[in-house]
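What the coordinates show
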Amino acid sequence: MSSGSFPPGFLWGSATAAYQVEGAAGEGGRTPSIWDTFSRTPGRTENGDTGDVACDHYHRRAEDVAMMADLGLTAYRFSVSWPRVQPTGRGPAVQRGLDFYRALVDDLLDHGITPALTLYHWDLPQELEDAGGWPERDTAYRFAEYADLVAEALDDRVELWTTLNEPWCSAFLGYGSGVHAPGRTDPVAALRAAHHLNLAHGLGTQALRSRLPAKAKIGISLNPSVVRPLDPSSSADLDAARRIDALANRVFTGPLLHGAYPPDLLADTAHLTDWSFVGRDDEKLSKQRLDWLGINYYTPAVVSHAPGDDVPRTDGHGVSDHSPWPGADTVAFHQPPGERTAMGWSIDPSGLYELLVQYGQDAPGVPLYVTENGAAYDDKPEADGTVQDPERIAYLHAHLDAVRRAVAVGADVRGYFLWSLMDNFEWAYGYGKRFGAVHVDFATQKRTPKASARWYGEVAREGVLPPLGQE
């Protein structure tokens, strides 16, 4: 393998999520998810934007898959809309809902594109939230039932299966800071949700293994945080980093990889809860064999110990009077110097390299995929209709180089999924933040591949990262 090349068989993909692209919010038997309810609540999203139409991918599926093939992608990571398949979160599946995903998978396979399916990318059926949502144990069992329904429908046509995407966001942004659906602000509910998401992964994995053929590969996509102390020589800042590492990372990797929650996490949050919601065998249930592990990465976190009130608490995950970090009230977050994306996130590809090397060591023998990585910029069409985005090309080049360097030192990275295939509904930010390699005119639904899409497609075809500026 030459210095700029990637391993044979490396998957070159892009990623989306159902609520962000599908639209057709009330069609085919689909009922509201927590994101329908949240986005339709005044003041929750920028400009009151919703995913009711989004990219209209539900109706433009064939066009979008053909576009992926034209760009040279070899994999597509998509999520299934739970309320489209099982509207109440209970009972039998709606076949019309499953038919959409059957057709999507067939289209992908016909174009030589590997389907990578995510069961849960944040769109919990509203009826399950009304019954208590992720803070309630029963939701984990409902997830396992839903996983079985999807597995039965798609069976051997999908090889890469993801149980959950970024459970940290589901738990701590959804139930802690309230900047994501369902918008609750209860630190104990956030910790309970995190545990039941871990349990859901375990139960869901068991359900998938009982239904799918042996060739199916089951994993989970985490968004681990690279946590750095503001002052590495300060014991207080080092402890602040330890606290955030426990809440961002080890609350999931503890049970998922090692079968137990870390003692320091339990101690840090003991004033909030005794963790009695953890059943005797839950941690063992959460630790199922992983066929692969997904890493989503955007930016590192820089923290310090700061017990006062007049300190920076914004962590880049949206503005709220409530913290997504239970038990970490004395931790401040800092913005590193240097370039930033339109999200205000610092650009630091070294964090991706560190994560891939670290998780290669923490989960030996488990292949890794970069299941999300990308950047938002204020992309606008030129007078000639093209969309030039040199900043995104530079961003992708730097982060792909980080992946290549991690592979070179032994990290078993099998693929990279660019976030995102196309501009879409960026959660509470609405349609104002454009992560896509393909520009979408939301008024007309016209798709225009940006310069970065063509550049990325060439890298995918050649399997080689060229020097920046050489196209």
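Only a predicted model underlies this, so the values are computations on that prediction, with no experimental measurement involved. (Residues numbered from 1 in each chain as written. Predicted model: local features only at pLDDT ≥ 70, side-chain atom pairs only at ≥ 80, totals over all residues. Heavy atoms only, no water.)

1. Remarks on helix H3 (residues 61-71)
Residues Asp64, Val65, Met67, Met68 and Leu71 constitute the buried set of H3. Taken around the axis of H3, the buried residues stretch over an arc of 155 degrees, which confines them to a single face. Summarising the contacts, the buried residues of H3 are in contact with strand E2 (75-79), helix H5 (95-110), strand E12 (438-441), strand E13 (446-449) and helix H15 (451-462). A positive phi of about 95 degrees marks Gly72, the residue just after H3. (Buried < 20%, exposed > 50% of the residue type's maximum accessible area, 1.4 Å probe, protein only. Helix = DSSP H or I, 4+ residues; strand = E, 2+ residues; numbered from the N terminus. Arc of directions from axis to C-beta. Contact = heavy atoms within 4.5 Å.)

2. Some remarks on the UniProt feature "binding site: substrate" (unreviewed entry) in the protein
Within the UniProt annotation, "binding site: substrate" (unreviewed entry) is assigned to Gln20, His121, Asn165, Tyr298, Trp419, Glu426 and Trp427. Checking the annotated residues one by one, the ones that line the largest pocket turn out to be Gln20, His121, Asn165, Tyr298, Trp419, Glu426 and Trp427. With respect to the element layout, Gln20 can be found in helix H1 (residues 18-21). Residue Gln20 is classed as buried on the basis of its relative accessible area, which comes to 0%. When neighbours within four sequence positions are excluded, Gln20 is seen to be in contact with Ala54, Cys55, His121, Trp419, Asn424, Phe425, Glu426 and Trp427. (UniProt positions renumbered as here; feature names shortened; annotations may be inferred. 1 Å grid on protein atoms, 1.4 Å probe; cavity = no way out; pocket = protein on both sides within 12 Å on 5 of 7 lines; lining within 4 Å.)

3. Thoughts on the UniProt feature "active site" (unreviewed entry) in the protein
The UniProt record marks Glu166 and Glu372 with the feature "active site" (unreviewed entry), using the residue numbering of this structure. Taking the farthest pair of C-alpha atoms as the criterion, the annotated set spanning 207 residues converges on one region, since that pair is 10.1 Å apart. Considering only the annotated residues already named, the ones lining the largest pocket are Glu166 and Glu372. Mapped onto the elements, Glu166 comes out in the loop between strand E4 (160-165) and helix H8 (167-177). Leave out the neighbours within four places in its chain, and Glu166 touches Trp122, Ser221, Asn223, Asn296, Tyr298 and Glu372. Along the polypeptide, Glu372 turns up in strand E10 (residues 368-373). Excluding residues that lie within four positions of it along the chain, Glu372 makes contacts with Arg77, His121, Asn165, Glu166, Ile295, Asn296, Tyr297, Tyr298, Phe417 and Trp419.

4. Comments concerning the sheet that holds strand E8 (residues 301-305)
Adjacent strands of a sheet form backbone hydrogen bonds with each other and so pair up, either parallel or antiparallel. Strand order in the open sheet made by the three strands is E6-E8-E9, with mixed pairing throughout. Taken across any chain shown, the strands that pair with only one partner, and hence form the sheet edges, are strand E6 (227-229) and strand E9 (331-334). Between one strand axis and the next, the sheet turns by 40 degrees as a mean value, whatever way the strands run. The pairing of E6 with E8 spans three bridges and is parallel. Bridging from a neighbouring strand, Pro229 pairs with Val303 of E8. On top of the sheet, helix H10 (residues 235-258) reaches E6, E8 and E9; it is set at about 130 degrees to E8, its chief contact. (Pairing = 2+ DSSP bridges. Axes fitted to C-alpha atoms, helices over the stretch in contact; angles between N-to-C directions.)

5. Brief notes about the layout of surface pockets
Gaps left between atoms show up when a probe the size of a water molecule is rolled over them. In this structure, the largest pocket encloses a volume near 970 Å³. For the lining of the largest pocket, the secondary structure elements donating two or more residues are H8, E8 and E9. The element that contributes the greatest number of residues to the lining of the largest pocket is H8, accounting for three residues. Tallied by class, the residues present in the lining of the largest pocket amount to 25 nonpolar, 19 polar and six charged. (Points joined across faces, edges and corners; volume = space filled by probe spheres on them. Nonpolar A, V, L, I, M, F, W, Y, C, P; charged D, E, K, R; others polar.)

6. Comments concerning the pattern of salt bridges
Where charged atoms of side chains with opposite charge meet at close range, the side chains can pair. Taken as a whole, this structure holds 39 salt bridges when the rule is applied. In this structure, Arg228 engages Glu354 in a salt bridge whose closest nitrogen and oxygen atoms are separated by 2.7 Å. Linking Arg228 in strand E6 with Glu354 in helix H13 (residues 350-362), this pair joins segments that are 126 residues apart in sequence. Close ionic contact of Asp389 with Arg392 constitutes a salt bridge, the shortest N to O distance being 2.6 Å. Comparing Asp389 with Arg392, the two get one shared label, buried. Counted as one network, the salt bridges with shared partners bring together Asp239, Arg242, Arg243, Asp245, Arg250, Asp264 and Asp268. (Salt bridge = Lys/Arg side-chain N within 4 Å of Asp/Glu carboxyl O.)

7. Points about the sheet that holds E4
Read once around its circumference, the closed barrel built from eight strands follows the order E1-E2-E3-E4-E5-E7-E10-E11, with strand pairing classed as parallel. If you compare each strand with its neighbour and ignore which way they point, the axes differ by 25 degrees on average. Packing of helix H7 (residues 138-154) onto the sheet brings it into contact with strand E3 (114-120) and E4, and relative to E3 it is tilted by some 155 degrees. Across the face of the sheet, H15 comes into contact with strand E1 (11-15) and strand E11 (413-419) while running at roughly 150 degrees to E1.

8. Section: the side chain of Ser225
Tracing the sequence through the fold places Ser225 in the loop between strand E5 (217-222) and E6. In contact with Ser225, other than residues within four places in its own chain, are Ala248, Asn249 and Ala301.

9. Topic: the packing of aromatic side chains
Enumeration over the complete set of coordinates arrives at 35 aromatic pairs. Arranged with centres 6.3 Å apart and planes meeting at 80 degrees, the rings of Trp35 and Phe425 form a pair that is edge-to-face. Linking Trp35 in helix H2 (residues 34-39) with Phe425 in the loop between E11 and E12, this pair joins segments that are 390 residues apart in sequence. Phe425 carries the same exposure label as Trp35, and that label is buried. Both rings, one in Phe425 and one in Trp427, keep their centres 6.4 Å apart while their planes meet at 75 degrees; by these two values the pair is edge-to-face. Of the two residues, Phe425 and Trp427, both sit in the buried class. What links up through ring pairs into an aromatic cluster is the set Tyr19, Trp35, Phe38, Trp122, Phe425, Trp427, Tyr431 and Phe442. (Phe/Tyr/Trp six-rings, centres within 6.5 Å; stacked < 30°, edge-to-face > 60°.)

10. Quick notes on the side chain of Ser420
Here Ser420 lies in the loop between E11 and E12. A distance of 2.8 Å separates a polar atom in the side chain of Ser420 from the backbone oxygen of Ala15. Discounting residues that sit within four places of it in the chain, Ser420 has contacts with Ala15, Thr16, Phe435, Gly436 and Ala437. (Polar contact = N/O pair within 3.5 Å; in protein donor to acceptor, adjacent residues only side chain to side chain.)

11. Brief notes about helix H14 (residues 390-408)
Because the α-helix completes a turn every 3.6 residues, residues three or four places apart line up on one side. With 19 residues, H14 extends 27 Å from end C-alpha to end C-alpha; this agrees with the ideal 27 Å at 1.5 Å per step. All of the buried residues in H14 are Arg392, Ile393, Tyr395, Leu396, His397, His399, Leu400, Ala402, Val403, Arg404, Ala406 and Val407. Of the residues flanking the end of H14, it is Gly410, one or two places downstream, whose phi is positive at about 115 degrees. (Expected span 1.5 Å × (residues − 1).)

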